[in-house]
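Next come the chains, spelled out residue by residue.
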Amino acid sequence: MAKSLGRHLISELYDCDEEILNDVQQIEYLMKKAAIESGATIVTSTFHRFLPHGVSGAIIVSESHLAIHTWPEYNYASLDIYTCGDSVDPWKAFYYLKDALNSKRQESQEFKRGVFSTIGIPENSAHKVEVS
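Residues numbered from 1 in each chain as written. Predicted model: local features only at pLDDT ≥ 70, side-chain atom pairs only at ≥ 80, totals over all residues. Heavy atoms only, no water.

Where an unreviewed UniProt entry is consulted, the chain appears under the name S-adenosylmethionine decarboxylase proenzyme, with the organism given as Petrotoga miotherma DSM 10691. Per its UniProt entry, the chain bears the Pathway (unreviewed entry) comment "Amine and polyamine biosynthesis; S-adenosylmethioninamine biosynthesis; S-adenosylmethioninamine from S-adenosyl-L-methionine: step 1/1." (UniProt positions renumbered as here; feature names shortened; annotations may be inferred.)

Here the focus is helix 3 (residues 90-100). Of all the positions in helix 3, only P90, A93, F94, Y96, L97, K98 and A100 are classed as buried. For helix 3, the elements touching its buried residues are strand 1 (4-14), helix 1 (18-21), helix 2 (24-38), strand 4 (64-71), strand 5 (76-84) and strand 6 (105-115). With a side-chain oxygen lying 2.9 Å from the backbone nitrogen of W91, the N-terminal cap of helix 3 falls on D89. N102, located one to two residues past helix 3, shows a positive phi value of around 55 degrees. (Buried < 20%, exposed > 50% of the residue type's maximum accessible area, 1.4 Å probe, protein only. Helix = DSSP H or I, 4+ residues; strand = E, 2+ residues; numbered from the N terminus. Contact = heavy atoms within 4.5 Å. Polar contact = N/O pair within 3.5 Å; in protein donor to acceptor, adjacent residues only side chain to side chain.)

Turning next to the nonpolar core. By size, the foremost hydrophobic cluster in this structure holds 27 residues, and its most contacted members are I27, M31, L66, I68, L79 and L101. Within the residue set of this core, elements represented by two or more residues are strand 1, helix 1, helix 2, strand 3 (55-61), strand 4, strand 5 and helix 3. Once you skip the residues sitting within four places of it in the chain, L101 turns out to touch L13, C16, D17, I20, L21, I27, L30, I68 and A77. (Core = buried A, V, L, I, M, F, W, Y, C linked by side-chain atoms within 4.5 Å.)

Set out below in structure tokens:
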């Protein structure tokens, strides 16, 4: 498996709970909890509720970010979970959120970001994420 600086999950969550998807405070809480579940260190967050419905928001973590966009009217949410370093597992955040949003069906893809061999970093190099 190719070493990389980061892992990026792009996920589609279908058949989610409409009420949760439209509750900006609940979405922010769940996203923060997902970040913690993944092992990430939260730096800040910003969330917005759209009228008549929908929420968008992001958690900035020392290891990168978690973002969500919801369409309650379609019981749908899109997730973007990008983490750097070896101490954080983006899949833990994904599984937490799929359960918390009561998603009945999901699709996810993982992309390696900053593949060592492509950027010219020796495979035996250690990349540490500094948490401040």
